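# Topology and contacts: notes
The chain contents come next:
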Amino acid sequence: MSRLGDWVYRLQEQRRVGSLSTCVAIAGADYCVVTADTRLSVGYSILTRDHSKICDLSSPLLPVGDATTLFSPYIDTILSVSPKLNLCSYVCRADKCVLASSGFQGDIKALHKNLAARELLYQHQHNKWMSCPSMAQLLSNTLYFKRSSPYYAINVLGGLDSEGKGCVFTYDAVGSYERTGYSAQGTGSSLIMPVLDNQLKSPSPLLLPARDAVTRLSESEAIDLVKDVFASATERDIYTGDKLEIVVINKAGTKLEYIDLRKD
Amino acid sequence: MQTSKQNWAECRLPSPLDRPSLKAHRRPNILAERKAQHEYWRRPSFFLLPQSNPASAGCCFNSNSDPRTKEKGKRRERVREREKRGKKQPRRSPLSHRLRTQIRMTGSMDLPAKGGFSYDLCRRNDFLEKKGLKVPGFLKTGTTIVGLVFQDGVVLGADTRATEGPIVADKNCEKIHFMAPNIYCCGAGTAADTEAVTDMVSSQLQLHRYATGRESRVVTALTLLKSHLFKYQGHVSAALVLGGVDVTGPHLHTVYPHGSTDTLPFATMGSGSLAAMSVFESQYKEGLTREEGIQLVSDAIRAGIFNDLGSGSNVDVCVITKGKTEYLRNHELPNPRTYVSSKGYSFTKGQTEVLSTKITKITQLKQKVEVAEGGDAMEE
């Protein structure tokens, strides 16, 4: 079973567009860490050093794509201005998911908009938020719907499922997905994945009885691992660098952090 | 990162059948072929004994004592018997059997007749490429190299990243090569080509210094480089910035892979050349001092490092003045590692799953070659 759609594979070979930059996600017992670097490059040039590749799908009322307007800062403002408003549903819910994509940015923006719109429709129709596994299925269907001319976006979806456990879903360009404990996509993935395989060895999904795919590391240890692994990938991959955007999802909410990477 | 299934190492070696056939009736243009054969068989290794031929130095095959050769030597007896019976002999080239064996044995380890490149594998490579084998990539330097002339001499600068496609192969390589004590050369393009060309011309300059008894001139190096590169019509992919100070003054030249050259007061080459040239064009002026020159060169290289993905890591600078050369290796290190995990990593046994174990004992090889007492025979 080939994971990549043939069309996209041929495109990668021909034009060497590649899924430039790198995205990594790690799932823990009660948290999920989703990270991506912020460099946007074409050929040998850098277009911008501050381009976010992460889309928050749990707050679709907020504009998509600009990292500075996402998450808690917005919600804190609402709470502080009007504390009497019943905003429990925004802050206390368990289902949150965040999507990190690498690939062609035009297709990625279109895909994020599409998904955000579909989630809004779901909320209006079912009067509840989409859980992370449902969003995973929706993304897979959206990608496969365009099997004949795929979205050139290699995705990693991370979040908490309805029980509060971390979950990470990896995708290829045409919608084949799998729930795993950790994942790396992009040009730096071949440098990062072996280290994650060694440090976060997750049991095979073929083993019975089914074992938990999440890692036993604590949240701070996982963040430390991700930072170090990205610093190493930046040393050797020319398309990865500038800044690292780290999104941590746990039951308290979503937190955003930036660290600097090599800029050369 | 070779993803093709056909590994370069698994390719078929050239067989003796690749050489021109000896059967005359199958070849239409026999004159041309004869000439090619004659030149092929007139190689230096043809006349050397197996042991003293450097191409077969590691070869422990001695045709005189090999039983298979002796068996084939019986063919001579058969030929003589045929003659006795009065039958016509098939046409063969006038080579002794021993020499023909030698050709067969050393055929795959051939040295080129007069130095230079060996094209033995060209036909085989074309054939394999048509069959679909992906050619392994070259290590390119994807560089920023610069040079400028200041009031007392020449300053050369280079970054230190060597790339292999999208991966950094060497984070701190040396791109400023030594040509003569008063001449240095920065190289961009294929790493092997720049190193080989600069090493070769450096040796030629040394020999020339011995012959003339004088300090080398920059134009000498320039002419040697450009004639070599032109001869290979751009296939030797070396783009160089050559700079030095000799009796006639400071000189700075650029050499392109096809063999053309420019003489300039400031020059940049490589993938980051545009970024570096923008710095030069805005800030260069004549009569710079040494400190200003070094600062300008560092600024230009840093522009290439941060704005071009093919260049990176550190800045190397080389300052050449009359009578003195300073090679400032890693003059600036503007890219330290941003994060080091304080926890460290442990790679314990069992962390990587072991699927199966197979233990094979290696038997001790018996000595096949007798080592002569008293050191190497060649040294005596």
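Parameters at a glance
- Residues numbered from 1 in each chain as written.
- Chains lettered and ligands numbered in written order.
- Predicted model: local features only at pLDDT ≥ 70, side-chain atom pairs only at ≥ 80, totals over all residues.
- Heavy atoms only, no water.
- Helix = DSSP H or I, 4+ residues; strand = E, 2+ residues; numbered from the N terminus.
- Buried < 20%, exposed > 50% of the residue type's maximum accessible area, 1.4 Å probe, protein only.
- Contact = heavy atoms within 4.5 Å.
- Areas by Shrake-Rupley, 256 points an atom, 1.4 Å probe, with all protein chains shown as cover.
- Pairing = 2+ DSSP bridges.
- Axes fitted to C-alpha atoms, helices over the stretch in contact; angles between N-to-C directions.
- Buried area = accessible area lost by both parts, 1.4 Å probe.
- Salt bridge = Lys/Arg side-chain N within 4 Å of Asp/Glu carboxyl O.
- Nonpolar A, V, L, I, M, F, W, Y, C, P; charged D, E, K, R; others polar.
- pLDDT = per-residue confidence, 0-100.
- Phe/Tyr/Trp six-rings, centres within 6.5 Å; stacked < 30°, edge-to-face > 60°.
- Lys NZ or Arg CZ within 6 Å of the ring centre and 35° of its normal.
- Parallel < 35°, antiparallel > 145°, perpendicular 65-115°, else oblique.
- Left-handed = near helix turned anticlockwise from the far one by under 90°.
- UniProt positions renumbered as here; feature names shortened; annotations may be inferred.
- Expected span 1.5 Å × (residues − 1).
- Arc of directions from axis to C-beta.

## Focus: the overall build of chain A
Within chain A one finds seven helices and 12 strands. Taking all 264 residues of chain A together, 55% fall into the buried category. A separation of at least 24 residues holds for 66% of the contacts in chain A among residues at least 6 apart in sequence. Carbon and sulfur atoms provide 57% of the accessible area of chain A, an area that totals close to 11800 Å².

## Looking at the sheet that holds strand β7 (residues 153–160) of chain A
Residues and elements named next belong to chain A. Pairing within the open sheet is antiparallel, and its five strands lie in the order β5-β6-β7-β8-β9. Each end of this open sheet is capped by a strand with a single partner; those strands are β5 (54–56) and β9 (177–180). Strand-to-strand twist across the sheet, computed as the mean angle between neighbouring axes with direction ignored, equals 20 degrees. In this sheet, β7 lies alongside strand β6 (residues 96–103) in antiparallel orientation, the contact comprising eight bridges. Bridge pairing in β7 links serine 102 to isoleucine 154. Sitting on the sheet, helix α4 (residues 105–126) touches β5, β6 and β7, and the angle it makes with β6 is about 160 degrees.

## Here's the deal with the interface of chain B and chain A
With 36 residues of chain B at the interface, the matching set in chain A holds 32 residues. Both sides together, the interface formed by chain B and chain A hides about 3000 Å², and carbon and sulfur atoms give 48% of it. Here chain B is connected to chain A by three salt bridges. Secondary structure elements with two or more residues in the side of chain B that touches chain A: β4 (167–170) and α9 (290–307) of chain B. The biggest single contributor to the side of chain B that touches chain A is β4(B), with four residues. By residue class, the composition of the side of chain B that touches chain A is 13 nonpolar, 15 polar and eight charged.

## Some details on the confidence of the model for chain B
All names here are of chain B. Looking at chain B, the pLDDT average stands at 81 and 72% of residues meet or exceed 70. Taken as a whole, residues 1–5 scores under 50 in pLDDT and shows six contacts with residues more than four places along the chain or in a different chain. The ipTM assigned to the predicted complex is 0.75, against a pTM of 0.69.

## Some points on the packing of aromatic side chains
Tallying each qualifying case throughout the model produces six aromatic pairs over all chains. Between Phe266(B) and Tyr284(B), the aromatic rings sit 4.6 Å apart at their centres with planes inclined by 40 degrees, giving tilted as the arrangement. Linking Phe266(B) in strand β10 (residues 266–269) with Tyr284(B) in the loop between α8 (273–283) and α9, this pair joins segments that are 18 residues apart in sequence. Residue class for Tyr284(B) comes out buried when judged on its relative accessible area of 17%. Three or more aromatic residues joined by ring pairs form one cluster here, namely Phe169(A), Tyr171(A) and Tyr177(A). Stacked on the ring of Tyr151(A), the Lys or Arg Lys146(A) has its end atom at 5.2 Å from the ring centre. Sitting over the ring of Tyr258(A), Lys243(A) keeps its end group 4.7 Å from the ring centre.

## Description of the pattern of salt bridges
Residue and element names in this part refer to chain B. Per the counting criterion, the structure on display carries 20 salt bridges over all chains. In this structure, glutamate 326 and arginine 290 form a salt bridge, with 2.6 Å as the shortest nitrogen-oxygen distance. A residue pair is termed long-range when its members are at least 10 positions apart, and glutamate 326 in strand β12 (residues 324–332) and arginine 290 in helix α9 qualify at 36 residues. Look at glutamate 326 and you get partly exposed, because its relative accessible area is 24%. According to the relative accessible area criterion, arginine 290 is partly exposed, its value standing at 25%.

## So, the packing of α4(A) against helix α5 (residues 132–145) of chain A
All names here are of chain A. Orientation of α4 relative to α5, taken along the N-to-C sense of each, is 130 degrees, at an axis distance of 11 Å. Considered as vectors, α4 and α5 are oriented oblique to each other. In this structure, the crossing between α4 and α5 has a hand that is right-handed. Contacts from Leu111, Asn114, Leu115, Arg118 and Glu119 in α4 reach Met135, Leu138, Leu139, Thr142 and Leu143 in α5. When grouped by side-chain class, the residues that make up the contact of α4 with α5 number six nonpolar, two polar and two charged.

## Points about the packing of helix α6 (residues 189–199) of chain A against helix α7 (residues 219–236) of chain A
Residue and element names in this part refer to chain A. Between α6 and α7, the least distance of the axes is 9 Å, while the angle of their chain directions is 150 degrees. In terms of orientation, α6 and α7 fall into the roughly antiparallel class. The hand of the α6/α7 crossing is right-handed. Contacts between α6 and α7 involve Leu191, Ile192, Val195, Leu196 and Gln199 from the first element and Leu225, Val229, Ala233 and Arg236 from the second. Looking at the contact of α6 with α7 residue by residue, the class counts come to seven nonpolar, one polar and one charged.

## Looking at the pairing of strand β10 (residues 182–186) of chain A
Put simply, side chains in a regular strand alternate between the two faces of the sheet. Residues and elements named next belong to chain A. For β10, the buried fraction is high: five of the five residues fall into the buried class. Sheet topology note: the strand β1 (residues 22–27)/β10 ladder contains five bridges and is antiparallel. Within the sheet, the bridge partner assigned to threonine 22 lies in β10 and is glycine 186.

## Observations regarding the UniProt feature "active site" (unreviewed entry) in chain B
Residue and element names in this part refer to chain B. According to UniProt, the positions carrying the feature "active site" (unreviewed entry) are Thr143. Within the secondary structure, threonine 143 is located in the loop between α5 (122–131) and β1 (145–149). Residue threonine 143 is classed as buried on the basis of its relative accessible area, which comes to 1%. Apart from residues lying up to four places away in sequence, threonine 143 is in contact with Asp159, Lys175, Gly187, Ala188, Gly189, Met269, Gly270, Ser271, Gly272, Asp308, Gly310 and Ser311.

## Structural notes on helix α6 (residues 191–212) of chain B
All names here are of chain B. Taking 1.5 Å as the rise per residue, α6 with 22 residues should run 32 Å; its terminal C-alpha atoms sit 31 Å apart, in good agreement. Those residues of α6 that fall on the buried side of the exposure criterion are Ala191, Asp193, Thr194, Val197, Thr198, Val201, Ser202, Leu205 and Arg209. Viewed along the axis of α6, the buried residues span an arc of 155 degrees, placing them on a single side of the element. Every exposed residue of α6 that faces more than 90 degrees away from the buried side is listed here: Ala192, Asp199, Leu207, Tyr210 and Ala211. Buried-residue contacts for α6 involve β5 (176–180), β6 (183–189), α7 (218–231) and β7 (238–246). Note on α6: the residue one or two positions beyond its end, glycine 213, has a positive phi of about 75 degrees.

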